[in-house]
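Here are the chains, one letter per residue:
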Amino acid sequence: MLSTNTRCTVTVMPDEAEIECSRGDNLLEALHRAEVEIKSLCGGAGTCGSCRVIVESGQARTDDGDVISEGDDPLACRTEVTADLQLHVPEESRRAEGEVSADEPRHVLGTVRPDREVPVDPVCQVTPVKLTPPSLADNTSDFDRTCRALREVTGREAFSASHSVLRGMAGSLRENDWESTALWVDLQTHGELIDLLSPEAAGEAYGLAVDIGTTTVVADLVDLRNGESLGRAGEYNEQQRCGEDVISRINFASQKDNGIQILKEAVTGTINRLIEQLVREAGVCERGIRAVVCAGNTTMIHTLYGLDPNNIRRQPYIPTVGTVPPLRAAEIELNTDPDARVFSLPAVGSFVGGDIVAGALSSRLTEREEMTLLVDIGTNGEIVLAAGGSLLACSASAGPAFEGGGISCGTRAVPGAVERFRIAPGGDDVTYRTIGGQPAVGVCGTGLIDLLDSLLQAGVINRSGRFNTELESDRLREADEGYEYVLVPGDETRDGADLTIETADIRNLIRSKAAIYAGIRMLLTNLALDEDAVGRILIAGGFGTHINLDAAVSIGLFPDIERDRFQFVGNSALRGARQALIDRDSMRDAQELARGMTYLELSADEQAAAFMDEFVAAEFLPHTEMERFPSAAPGDTSAL
Ligand code: FES
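Residues numbered from 1 in each chain as written. Predicted model: local features only at pLDDT ≥ 70, side-chain atom pairs only at ≥ 80, totals over all residues. Heavy atoms only, no water.

Trainee: Explain the sheet that holds strand E10 (residues 206-212) to me, please; I cannot follow it from the model alone.
Mentor: Sheet strands associate in pairs through backbone hydrogen bonding, adopting either a parallel or an antiparallel arrangement. With mixed pairing, six strands are arranged side by side in an open sheet as E12-E11-E10-E13-E15-E14. With partners counted over all chains shown, the strands left at the sheet margins are strand E12 (228-236) and strand E14 (327-328), one partner each. Pairing of E10 with strand E13 (residues 289-296), which is carried by seven bridges, proceeds in the parallel orientation. Looking at E13, one finds that Gly207 is bridged to Ala291. Its contacts with the sheet put helix H12 (residues 572-582) on E10, strand E11 (216-223), E12 and E13, and the angle it makes with E10 is roughly 150°. (Pairing = 2+ DSSP bridges. Helix = DSSP H or I, 4+ residues; strand = E, 2+ residues; numbered from the N terminus. Contact = heavy atoms within 4.5 Å. Axes fitted to C-alpha atoms, helices over the stretch in contact; angles between N-to-C directions.)

Trainee: For this particular structure, what's the right way to read the environment of Glu478?
Mentor: With respect to the secondary-structure elements, Glu478 resides in strand E22 (residues 476-479). You can call Glu478 exposed: its relative accessible area is 63%. Along the sequence, Glu478 and Gln59 sit 419 residues apart, while their C-alpha atoms lie 34 Å from each other. (Buried < 20%, exposed > 50% of the residue type's maximum accessible area, 1.4 Å probe, protein only.)

Trainee: Quick question: what am I supposed to make of the pairing of strand E15 (residues 341-344) here?
Mentor: Remember that side chains alternate between the two faces of the sheet whenever the strand is regular. Burial along E15 is two-sided: the face carrying Arg341 and Phe343 and the face carrying Val342 and Ser344 are both buried. As judged from the two bridges shared by E14 and E15, these two strands associate in the antiparallel manner. Bridged to Leu327 within E15 is Val342.

Trainee: Explanation requested: the packing of aromatic side chains in the structure shown.
Mentor: Counted under the stated rule, the structure contains five aromatic pairs. Judged by centre distance (6.3 Å) and plane angle (25°), the rings of Phe611 and Phe615 are stacked. Of the two residues, Phe611 and Phe615 are both situated in helix H14 (residues 605-617); the distance of four residues between them amounts to about one turn of the helix. The class for Phe615 is buried, based on a relative accessible area of 14%. For the cation-ring pair, Arg412 lies above Tyr236, with the distance from its terminal atom to the ring centre recorded as 4.4 Å. (Phe/Tyr/Trp six-rings, centres within 6.5 Å; stacked < 30°, edge-to-face > 60°. Lys NZ or Arg CZ within 6 Å of the ring centre and 35° of its normal.)

Trainee: Any chance you could explain unusual backbone geometry here in plain terms?
Mentor: Residues apart from glycine generally show negative phi values, whereas peptide bonds are mostly found in trans. In the segment running from Gln315 into Pro316, the intervening peptide bond is cis, with an omega of 0°. Turning to its location among the elements, Pro316 is positioned in the loop between helix H7 (298-304) and E14. Residue Pro622 is reached from Leu621 by a cis peptide bond, and omega for that bond is 0°. Of note, Pro622 is situated in the segment after H14.

Trainee: Whenever I open this one, the packing of helix H3 (residues 142-154) against helix H4 (residues 163-175) confuses me. Can you help?
Mentor: Between two packed helices, what matters for the description is the angle formed by their axes and the separation of those axes. Contact pair H3 / H4: the axes reach a minimum separation of 10 Å and the direction vectors enclose 75°. Comparing the axis directions of H3 and H4 gives the class roughly perpendicular. Of the residues in H4, those touching H3 at Asp142, Phe143 and Thr146 are Leu166, Met169, Ala170, Leu173 and Arg174. Looking at side-chain class alone, the contact of H3 with H4 contains five nonpolar, one polar and two charged residues. (Parallel < 35°, antiparallel > 145°, perpendicular 65-115°, else oblique. Nonpolar A, V, L, I, M, F, W, Y, C, P; charged D, E, K, R; others polar.)

Trainee: Hey, could you run me through the pattern of salt bridges in this one?
Mentor: According to the stated counting rule, one finds 42 salt bridges in the structure shown. One salt bridge connects Asp530 with Arg628, and the closest N-O pair in it is separated by 3.8 Å. Here Asp530, found in the loop between helix H10 (503-526) and strand E25 (536-540), pairs with Arg628, found in the segment after H14; they are 98 residues apart in sequence, far enough to count as distant. When its relative accessible area of 39% is taken as the criterion, Asp530 is described as partly exposed. The residue Arg565 makes a salt bridge to Glu562 at a minimum N-O spacing of 2.3 Å. Through salt bridges with shared partners, a single ionic network connects Asp121, Arg156, Asp186, Arg584, Asp585 and Arg588. (Salt bridge = Lys/Arg side-chain N within 4 Å of Asp/Glu carboxyl O.)

Trainee: How do you make sense of the sheet that holds strand E19 (residues 417-423) when you look at a structure like this?
Mentor: Spatially, E20-E19-E21 is the arrangement adopted by the three strands of the open sheet, whose pairing is mixed. Of all the strands in the sheet, the pair left with one neighbour each is strand E20 (430-434) and strand E21 (442-443). As paired elements, E19 and E21 share two bridges and run parallel to each other. Paired with Val418 across the two strands is Val443, which belongs to E21. Its contacts with the sheet put helix H9 (residues 445-457) on E19 and E21, and the angle it makes with E19 is roughly 15°.

Trainee: Before we go on, may I ask you to explain the environment of Arg241 in this structure?
Mentor: Relative to the helices and strands, Arg241 is located in the loop between E12 and helix H5 (246-255). Between the C-alpha atom of Arg241 and that of Thr336, which follows or precedes it by 95 residues, the distance is 26 Å. When near neighbours in sequence (up to four residues on either side) are disregarded, Arg241 contacts His32, Ser40, Gly43, Arg95 and Ile262. At 3.1 Å, the side chain of Arg241 and the side chain of Glu238 are in polar contact. (Polar contact = N/O pair within 3.5 Å; in protein donor to acceptor, adjacent residues only side chain to side chain.)

Trainee: How should I be thinking about the nonpolar core in this particular structure?
Mentor: Proteins that are soluble and globular tend to have nonpolar side chains buried together. Counting residues in each nonpolar core, the largest one holds 72 residues, and the members touching the most others are Tyr485, Ile501 and Phe558. In terms of residue count, H10 provides more of this core than any other element does, twelve residues in total. Each residue touching Phe558, except ones within four places of it in the same chain, is listed here: Val375, Ile377, Tyr517, Ile520, Ile539, Ile547, Leu549, Ala552, Val553, Phe566 and Phe629. Counting residues in hydrophobic clusters, the runner-up holds 44 residues, among them Leu187, Ala291, Val384 and Ala573. (Core = buried A, V, L, I, M, F, W, Y, C linked by side-chain atoms within 4.5 Å.)

Trainee: Even after reading the chapter, I still don't get a negative patch on the surface, so can you show me in this structure?
Mentor: A cluster of acidic side chains, namely Glu16, Glu18, Glu20 and Asp84, defines a negative patch on the protein surface. As for its placement among the helices and strands, Asp84 is situated in strand E5 (residues 79-88). Here Asp84 falls in the partly exposed class, since its relative accessible area comes to 47%. (Patch = residues over 30% accessible without salt bridge, like charges linked within 9 Å, V, L, I, M, F, W, Y side chains within 5 Å. Areas by Shrake-Rupley, 256 points an atom, 1.4 Å probe, with all protein chains shown as cover. Lys, Arg positive; Asp, Glu negative; His and termini not counted. Charge placed at Lys NZ, Arg CZ, Asp CG, Glu CD.)

Trainee: What is the right way to read the environment of Ile555 from this model?
Mentor: Here Ile555 lies in the loop between helix H11 (549-554) and strand E26 (566-570). It is 51 Å that separates the C-alpha atoms of Ile555 and Ser22, two residues lying 533 residues apart in sequence. Not counting residues up to four positions away in its chain, the partners in contact with Ile555 are Ile449, Leu452, Asp453, Lys513, Phe620, Leu621 and Pro622.

Structure follows, in structure tokens:
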């Protein structure tokens, strides 16, 4: 019997959370409203199967009108609440909790930071000015008088002023006897006055550099007077509840009522929480933040500004903006000085965004004499080749596998995530290491690379990624959909269930690594180069910093070149955003860099067939052309 009451209570176990709903509410949305950490990899499109829940009591119904009752395990995104309901969100449907590490790993700091000191000449300038008081002979307006004084000190011709500055200008100038500390933002075409303070005021000017990733958002609070960092913080991007990757988010924007606004509020909400944390810890006021520089992929930047990202995924893949004009913070509801300007580093194309431009900037790609590849592996593999002064970039759709998405045993790099594997030949003896030494909860991206290589070296899988069914090991067993291999037995995992990997997971991983390698090959072959010509490979992104390089080469993710030619550059996007924030020339350099970067669209007619050939050839461990990987001999298990 369905309840006639229009209000219902959904009880979530094991949290024992009670959610008040109206009849007809979508169950996934209700769970998100109540901040239940449930996966929704496809953003509620009903296609990924990640939001499955188990009904313990009560009733609901599917989108198609079928009744759901006790013992059913419907997709939350396809379920309508119709009555009181008690449900269980199983471990595999839960998003991993855990703090986002905003820190650079130590070896990255050691190898990258000292490259070059960035000068401090920030986008927001603090300039003391002394005005000539007006007289009957000099009746220039207050604003023109201020501009004249600024022109004399800065050499800059044109200035504008925010409305709030204009409103307070007459009083402020007279109260301070025509002396002032002017805060102005360099908009390149002109300077904009955003505050006029008394000459004694400290002229507090802080800036925020933000790396807006599809998965995580990391921000650096910087004192613009001296370029010193006041703190760094990171959080998962709240948009994750709208889908795991950029395509799911774009679908969410177009298919959900108010989808664009929901995405915008999710990302600005994430940034505002980081601001709140950073200013609290630094003991400063959020209104002292006068400039924000963001680096993000093209979809993230569209959603930050509330722009429709739909055309990004439609041929011919044209974004609304590549370079977003700097907007006022109040216009996108960031909790800083409302007149602070928000800059975004320019994108090169729909799938090569400002994050990779920021990475190219901070890695000094254009200044390097040796041929250099910058590889940023996120949900998309963004790759730039710097050769002979030119920059060629592409984006290879790697999918979220290396971030633990779409892999049954995958997880993020949280405590308990397995990050190292060693499997002895024969497949019986598995040793592993988890983050923080906690009971295993899943395998993170770096662990998946190690795992794929270990399975291969131990003879558990063959070079096509198929299980060796001749293997006499209890760990290999038949499951509902083919074979699975037990990585960690249930008595060593957090939820008590065996941690396993299936054939489909291995196929996904191979496809992901094949996409990255094929992207690298496409850049090289377009310039008629071979991998031997590459002097350096820079691996960017939080994921890259812990990779077992030998394993990554052994599975064919990266070219087989000397290992000392690889360099981990950590969060190069955040460093690039910070560099542009504290150095106006770098902001200009970023524009130049984006303009000078050639974007190779791999799905364009002239490239698609060649990319597909490279991709198919790479769908093997390590590659169908084994001679490309001379060091990838079987039988070599990497040390833990
Ligand atoms: Fe429900 Fe993907 S199937 S979120």
